[in-house]
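Here are the chains, one letter per residue:
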Amino acid sequence: MQINISTRHGHLSQASQEKISEKISKVSRLFERLTGVDVVCNVEHPESPEVEIRVSAELHDDFVATETSSSLMAAVDGALHKIEQQIRKHKEKLKGHRTPGHRHEEYVPEPEED
């Protein structure tokens, strides 16, 4: 899984990029078909940085989450939580833990009355 971290309107230190990369890499344990992650940190307003995470998966549209918080790491954690919820929901849909439809029920004809 490839992780790309970019910054808008500012610069992130190497240590911050490594922390973000370490947190993001844990997403791959949820779903094995992830191909890439793009993280965009907007630090135009230092008091409220914004983080957007876009996760690409095989045979599915991208999972996208955006979070604004008082600190950069809090925003990363919030967006990561949203992504994890989206991936879990998608995985549940793939498993199909739904009840079978009517076509799987046996048809028992009612006895005719004379």
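This structure is a prediction, so every number in the text was calculated from the model and none was measured.

Q: Looking at this structure, how should I read the side chain of Glu84?
A: Relative to the assigned elements, Glu84 resides in helix α2 (residues 72–95). Of the buried charged residues, Glu84 lacks a salt bridge, with Arg88 as the closest side chain of opposite charge at 4.1 Å. In this structure Glu84 touches Arg29 and Leu30, once residues within four positions along its chain are discounted.

Q: Explain the pattern of salt bridges to me, please; I cannot follow it from the model alone.
A: Note that side chains of opposite charge can pair when their charged atoms are close. In the structure shown here, the tally under the stated rule is 3 salt bridges. Linking Lys82 and Glu67 is a salt bridge whose minimum nitrogen-to-oxygen distance equals 2.9 Å. Note that Lys82 is positioned in helix α2 and Glu67 in strand β4 (residues 60–68), a separation of 15 residues in sequence. A residue is classified by how much of its surface remains accessible, and Lys82, at 35% relative accessible area, is partly exposed.

Q: Help me understand unusual backbone geometry, please; the structure alone is not making it clear to me.
A: Generally, phi is negative for residues other than glycine and the peptide bonds are trans, each holding for most cases. A positive phi is found at His9, a non-glycine position, where the angle reads about 60 degrees. With respect to the helices, strands and loops of the structure, His9 is situated in the loop between β1 (2–8) and α1 (14–25). The phi dihedral of Leu59 is positive, around 60 degrees, even though this residue is not glycine. With respect to the helices, strands and loops of the structure, Leu59 is situated in the loop between β3 (50–57) and β4.

Rules used throughout
Residues numbered from 1 in each chain as written. Predicted model: local features only at pLDDT ≥ 70, side-chain atom pairs only at ≥ 80, totals over all residues. Heavy atoms only, no water. Helix = DSSP H or I, 4+ residues; strand = E, 2+ residues; numbered from the N terminus. Buried < 20%, exposed > 50% of the residue type's maximum accessible area, 1.4 Å probe, protein only. Lys, Arg positive; Asp, Glu negative; His and termini not counted. Salt bridge = Lys/Arg side-chain N within 4 Å of Asp/Glu carboxyl O. Contact = heavy atoms within 4.5 Å.

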